[in-house]
Amino acid sequence: DIQMTQSPSTLSASVGDRVTITCRASQSINSWLAWYQQKPGKAPKLLIYKASSLESGVPLRFSGSGSGTEFTLTISSLQPDDFATYYCQQYNSGLTFGGGTRVEIK
Amino acid sequence: QVQLQESGPGLVKPSQTLSLTCTVSGGSISSGTYYWSWIRQPAGKGLEWIGRINTSGSTNYNPSLKSRVTISLDTSKNQLSLKVSSVTAADTAVYYCAREERWEHSLDYWGQGTLVTVSS
């Protein structure tokens, strides 16, 4: 099974900061990686698919990069609405999620 | 606009079978462009993929749950269903259904989730 490791598990940041979250796969997944944002009591929301493609309607401050085993999600200028938990998800023969990164107010 | 809505008992006794239904509106569950997945999330914890099904009825399951899980489609009702047998307290979670885009393998539409508690 492919394991997904996210870091950090918690990130403290201020509005306007550039934020980067990393996701590492235990083996190569090519570009089969998605990123989600989840707020308390809500379902996750798709932000990025195929490692770097922005889902329709998602603000341009979100971007994804990487391939193989290492991937990043970057928020170029953190906004108040972005304080949430972020998950990566890989596709191989099935799906696996990373453990999550909570972005909190500094 | 595609919408997914989970439904089912909120309380299940240990050793019994958990059964949930997801009703899809705004699109056909029979479209070959998508898979349909179930995901769960224990309180305060991360997301766990349970399994998925395509319109041909082919399924993939999380190896850790495979022996206890069955996912099926009812195309006449535009619904998918989940059954988890021999439940324990560890199966207590919010259960989500979601649509997986076949060529992108990302989950683009989600239900709001339904809490299932396993307790006697």
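Here the structure is shown first, and the text comes after it.
No experiment lies behind these values; they were computed from the predicted model shown. (Residues numbered from 1 in each chain as written. Chains lettered and ligands numbered in written order. Predicted model: local features only at pLDDT ≥ 70, side-chain atom pairs only at ≥ 80, totals over all residues. Heavy atoms only, no water.)

Once that is clear, we can look at the packing of aromatic side chains. Residue and element names in this part refer to chain B. Counted by the stated rule, this structure contains six aromatic pairs over all chains. Each ring, one from Tyr96 and one from Trp110, has its centre 5.7 Å from the other, and the planes form 80°; the classification is edge-to-face. Taken together, the positions of Tyr96 in strand S9 (residues 93–101) and Trp110 in strand S10 (residues 107–110) put the pair 14 residues apart, joining distant regions of the chain. Each member of the pair Tyr96 and Trp110 is classed as buried. Residue placement shows Arg52 over the ring face of Tyr35; its charged tip is 4.1 Å from the ring centre. (Phe/Tyr/Trp six-rings, centres within 6.5 Å; stacked < 30°, edge-to-face > 60°. Helix = DSSP H or I, 4+ residues; strand = E, 2+ residues; numbered from the N terminus. Buried < 20%, exposed > 50% of the residue type's maximum accessible area, 1.4 Å probe, protein only. Lys NZ or Arg CZ within 6 Å of the ring centre and 35° of its normal.)

Right, let's get into the interface of chain B and chain A. Facing the 21 residues of chain B at the interface are 19 residues of chain A. Between chain B and chain A, roughly 1600 Å² of surface is buried when both sides are summed, and carbon and sulfur atoms account for 61% of that area. Here chain B is connected to chain A by zero salt bridges. Every element with two or more residues in the side of chain B that touches chain A is listed here: strand S4 (34–41), strand S5 (48–54), S9 and S10 of chain B. Grouping the constituent residues of the side of chain B that touches chain A by class yields eight nonpolar, seven polar and six charged. (Contact = heavy atoms within 4.5 Å. Buried area = accessible area lost by both parts, 1.4 Å probe. Salt bridge = Lys/Arg side-chain N within 4 Å of Asp/Glu carboxyl O. Nonpolar A, V, L, I, M, F, W, Y, C, P; charged D, E, K, R; others polar.)

It is worth stressing that arrangement in space is one thing and function is another; only the former is reported here.
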